[in-house]
Amino acid sequence: NEAELRTILDAASKGQVQTQYGDKIGALYATCMDEGAIEASTPTELKQQLKHVDLIRDLGSLQKEVARLHLSVGNPMFEFSQQQDFKNATDVIGVLDQSGLGLPDRDYYLSTTGKMPEIRKQYQAHVEKMLTLAGEPAATAAKDAATVLKIETALAQASMSRVDRRDPNKVYHRLDLAGIEKTAPKWNWKTYLKEMGVPEVTQLNVTSPDFFAALNKMLTTTPVAQWKTYLRWHIVHNVAPALSKAFVDENFAFYGKTLSGTAELEPRWKRC
């Protein structure tokens, strides 16, 4: 299947696939395979992404940037999506879910046994390396990596465990807009939903009200400057596979080798 897909994509990248989407898949694949252009464009492209974070001045502009990221490159802080109502399948409602972690699960942050403490140290070192690659001075990157781990640990402490999330009753809390506004009043939910392009949404499944109550408290206690650091990291983290070789290699070194035990990075054509 992979060999067949590669043949199709190679042909599409040369303009030889005359279908409705031939030009689009060809352009995407050719762009992904053009390592020279990626190496040259990474500094500019990444700077443009991070520039949005630099413009954050207060809680309002922070929330707008989170909405922009939710529509583009990741799910920092929390996740918004949609689903059929668990108890009425004719309804499609919004979903607010816990998210915002760079490690796979809350236990990676909270467990004090086995390999977890060492993985946390390696993760913090990885964040530091990636932020350095993104242009931060070494001392700043080290400080910012510690900030990222602090914020993500707080989010992990508020998150439900995987075991609890397997119970559908524990991840179903249907609230109207006023309900989530009461749970997390520091977040402007009407503006957020408007930024997400769904201002008409009024019914939500809030999978973990406790998580959003804790996030609300964090919005009060965590300075905007630290949230900006957290967002910078999540931008770099989420776009890393599309950046230059230095980012790709460091991203694989941690998420591929350290976390997954994968020996070698797949060839570029397979990743594309």
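Because the structure is a prediction, the values reported are computed rather than measured.

Undergrad: Quick rundown of the state of the cysteines? Include the residues and the values.
TA: Within this structure, the stated rule accounts for one disulfide. Each sulfur of the disulfide joining cysteine 32 and cysteine 272 lies 2.1 Å from the other. Sign of the S-S torsion, about -85° for the bond between cysteine 32 and cysteine 272, identifies this disulfide as left-handed. Taken together, the positions of cysteine 32 in helix 2 (residues 22-33) and cysteine 272 in the segment after helix 14 (268-271) put the pair 240 residues apart, joining distant regions of the chain. Owing to a relative accessible area of 24%, cysteine 32 belongs among the partly exposed residues under this scheme.

Undergrad: Outline the packing of aromatic side chains, listing residues and values.
TA: Within this structure, the stated rule accounts for 16 aromatic pairs. Seen from their ring centres, tryptophan 189 and phenylalanine 212 are 6.1 Å apart, and the 65° between their planes marks the pair as edge-to-face. Linking tryptophan 189 in helix 10 (residues 189-195) with phenylalanine 212 in helix 11 (residues 209-221), this pair joins segments that are 23 residues apart in sequence. Of the two residues examined, tryptophan 189 and phenylalanine 212, each falls in the buried class. The interplanar angle of 90° and the centroid separation of 4.9 Å between the aromatic rings of phenylalanine 254 and tyrosine 255 together place this pair among those described as edge-to-face. Side by side, phenylalanine 254 and tyrosine 255 carry an identical accessibility label, which is buried. Connected via pairs of aromatic rings, a cluster forms that spans Phe78, Phe80, Trp187, Trp189, Tyr192, Phe211 and Phe212.

Undergrad: Could you give me a rundown of the layout of surface pockets, with the residues and numbers involved?
TA: Approximately 640 Å³ is the volume found for the largest pocket. Lining the largest pocket are 25 residues; nearest its centre among them are Val239, Pro241, Ala242, Leu243 and Arg268. Elements supplying a minimum of two residues to the lining of the largest pocket: helix 2, helix 3 (35-54), helix 13 (245-258) and helix 14. It is helix 3 that provides the largest number of residues to the lining of the largest pocket, a total of seven residues. Considered class by class, the residues forming the lining of the largest pocket number 15 nonpolar, six polar and four charged. Computed from the structure, the second largest pocket encloses a volume of approximately 190 Å³.

About the cut-offs
- Residues numbered from 1 in each chain as written.
- Predicted model: local features only at pLDDT ≥ 70, side-chain atom pairs only at ≥ 80, totals over all residues.
- Heavy atoms only, no water.
- Disulfide = S-S within 2.5 Å.
- Helix = DSSP H or I, 4+ residues; strand = E, 2+ residues; numbered from the N terminus.
- Buried < 20%, exposed > 50% of the residue type's maximum accessible area, 1.4 Å probe, protein only.
- Phe/Tyr/Trp six-rings, centres within 6.5 Å; stacked < 30°, edge-to-face > 60°.
- 1 Å grid on protein atoms, 1.4 Å probe; cavity = no way out; pocket = protein on both sides within 12 Å on 5 of 7 lines; lining within 4 Å.
- Points joined across faces, edges and corners; volume = space filled by probe spheres on them.
- Nonpolar A, V, L, I, M, F, W, Y, C, P; charged D, E, K, R; others polar.

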